[in-house]
Amino acid sequence: MVKTIIRNVIIVLLFLLAGSAIVYLLIAEKEDETQAKTAEEVVEEAKPYEDELKELESELKALKNGVSYSSEKAQIMIGFVVEDASDLTYIKEKADACQLSPILVLDCTMERDVLEEIIEEADESWEIMLYAAPFSEETNEDVLSVISYLKSEDREYSDVFFLRSDYNNEDNLKRLKRDGFSGYTSYHSNDPVSGQTEDGTVYFDYSYLSSSGISVSSRISALYGNKAAMIIAFSMTSINNESMSDTYVESTLENIRQYTANSDCAFSTIKKVVKELSSINDIEAENQSDYEEKSKIIQEQIDELEETIEEIYDQLEY
């Protein structure tokens, strides 16, 4: 009898435990559904704030990227390192075919009578760019002497010096600045660039062509992509001794013409390039000031949105 009662009690307890478990599972399932619904509602509530946050962060990033100066187009200058006054006929022919104003790159270490004849016979509308190789304190005296002669002849010359990469060092850069040059050419083999240093000196890339084996296609393509400025200087010595063929010169100029047919690239002059580059520091200073003013306001809006979003998601803490 006692055993029967005990067995019945155990059965009842088991049924009660089973029932409690079922009830607990049903309640838990209901709570999960309620919590899931609440999470969905919270995400939906936060979405417009998160979208606005993304837009503001994108705007702030664009504003920061806009501080650095960016040119609207690539600029290519065509120069010829002149050997003799007789070269001027060839240079005029190539310049006229491209409808551009050529740049005469004059080696200040050449024979003085030859150099003076070139200056005397050259078209006065053509820009003159000075050059010396090697370039040192000694040959700099030749440069200063040529400058003195040009001034005496009331002939303009560019204050951007054609500086070969071999001689691009701190001493020479100081020397150029000391003697009144506002800029120089630089060389970056795979990535032509142009710009302005902190002290206001301008620089742009160059390609010195002295043989038909030199390919400039990749550099012109990179220049186009960077929207930088570069002078391409043909060696008349190499043209005259036929180590650089006329066919090569023509094909190079044709390659450049194809790029300049696009509005993002143009033939240019040293004056135009210097005018643009010399304003970079002022433009970037103005852009930086604008960025600091606007970014402060945007950052405050971002902080407020992040706080609001955090409060919304705090509802899920249970």
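Structure: above.
Numbering of residues begins from 1 in every chain and follows the order in which that chain's sequence is written. Per-residue local features of the predicted model are confined to residues with pLDDT of at least 70, and side-chain atom pairs are confined, for both listing and counting, to 80 or more; whole-chain, interface and lining totals are unaffected and use all residues. Excluding hydrogens and water, the side-chain figures rest on all heavy atoms present in the structure.

Caption draft 1: Region of the structure containing the pairing of strand β7 (residues 202-209). For β7, the buried fraction is high: eight of the eight residues fall into the buried class. Strand pairing follows a simple DSSP-based rule, namely that at least 2 bridges must link the two strands. Comment: elements are numbered from the N terminus, with helices defined as DSSP H or I runs of at least four residues and strands as E runs of at least two. As judged from the four bridges shared by strand β5 (residues 183-186) and β7, these two strands associate in the parallel manner. By the bridge assignment, Y184 is partnered in β7 with Y203. Relative to β7, strand β6 (residues 194-196) is paired through three bridges, and the arrangement is antiparallel. Bridge pairing in β7 links S194 to F204. Between β6 and β7, which follow one another and run antiparallel, lie five residues, and G200 among them has a positive phi close to 95 degrees. As paired strands, β7 and strand β8 (residues 229-235) are joined by five bridges and run parallel to one another. Across the sheet, residue Y208 finds its bridge partner in β8, namely A233. Handedness rule for crossovers: strands pointing away from the viewer, path from the first strand over the helix to the second running clockwise, crossover right-handed. Following the chain from β7 across helix α6 (residues 217-226) to the adjacent parallel β8, one finds a crossover that is right-handed. Type-normalised accessible area, obtained with a 1.4 Å probe on protein chains alone, sets the label of each residue: buried when under 20%, exposed when over 50%, and partly exposed for intermediate values.

Caption draft 2: Broad picture of the packing of aromatic side chains. Two aromatic rings, drawn from Phe, Tyr or Trp (for Trp, its six-membered ring), form a pair once their centres lie within 6.5 Å of each other, and the interplanar angle then sorts them: stacked below 30 degrees, edge-to-face above 60, tilted otherwise. For the structure shown, the criterion picks out eight aromatic pairs. Ring geometry for Y131 against F162: centres 5.4 Å apart, planes inclined by 90 degrees, an arrangement best described as edge-to-face. Taken together, the residues Y131 in strand β3 (residues 127-131) and F162 in the loop between β4 (160-161) and α5 (170-178) connect sequence positions 31 residues apart. Per residue, the accessibility class of Y131 equals that of F162, and both read buried. Each residue in the set Y131, F162, Y187 and Y206 is aromatic and connected to the rest through ring pairs, giving one cluster. The rule is short: NZ of Lys or CZ of Arg within 6 Å of the ring centre and within 35 degrees of the ring normal puts a charge over the ring. Here R164 stacks its cationic end above the ring of Y208, 4.1 Å away from the centre of that ring.

Caption draft 3: Quick look at the nonpolar core. We define the nonpolar core as a collection of buried residues of types Ala, Val, Leu, Ile, Met, Phe, Trp, Tyr and Cys that are connected through side-chain atoms lying within 4.5 Å of one another. Membership of the largest hydrophobic core comes to 52 residues, with the highest contact counts inside it found for I78, L130, V143, F161, I232 and F234. Judged by nonpolar contacts, the second largest core, of 20 residues, contains M77, V105, L277 and I280.

Caption draft 4: Region of interest: the pattern of salt bridges. In the sections that follow, a salt bridge refers to a side-chain nitrogen of Lys or Arg positioned within 4 Å of a carboxyl oxygen of Asp or Glu. This structure, assessed with the given rule, holds 13 salt bridges. K94 is the partner of E93 in a salt bridge, and the nearest nitrogen-oxygen pair spans 3.7 Å. In this structure K94 comes out as buried when scored by relative accessible area, which is 2%. Salt bridges linked by common partners bring E93, K94, D246 and E250 together as one network.

Caption draft 5: Broad picture of the pairing of strand β1 (residues 74-81). Buried residues dominate β1, accounting for eight of its eight residues. Burial of the side chains of β1 extends over both faces: A74, I76, I78 and F80 are buried on one face and Q75, M77, G79 and V81 on the other. Pairing geometry for β1 and β8, over seven bridges, is parallel. Its bridge partner being in β8, M77 is matched across the sheet by I231. Pairing geometry for β1 and strand β2 (residues 103-107), over three bridges, is parallel. Bridged to G79 within β2 is I103. Following the backbone out of β1, through helix α2 (residues 87-98) and into the adjacent parallel β2, one traces a crossover that is right-handed.

Caption draft 6: Structural context of α5. The complete set of buried residues in α5 reads N172, R175 and L176. One side of α5 holds all its buried residues, which, seen down the axis, span an arc of 95 degrees. Opposite its buried face, α5 presents the exposed residues E170, K174 and R178, each directed more than 90 degrees away. Structurally, α5 contributes buried residues whose contacts are with α4 (137-152), β4 and β5. Relevant arc is that of directions from the helix axis to the C-beta atoms, nothing else. Should any heavy atoms of two residues lie within 4.5 Å, those residues are counted as being in contact.

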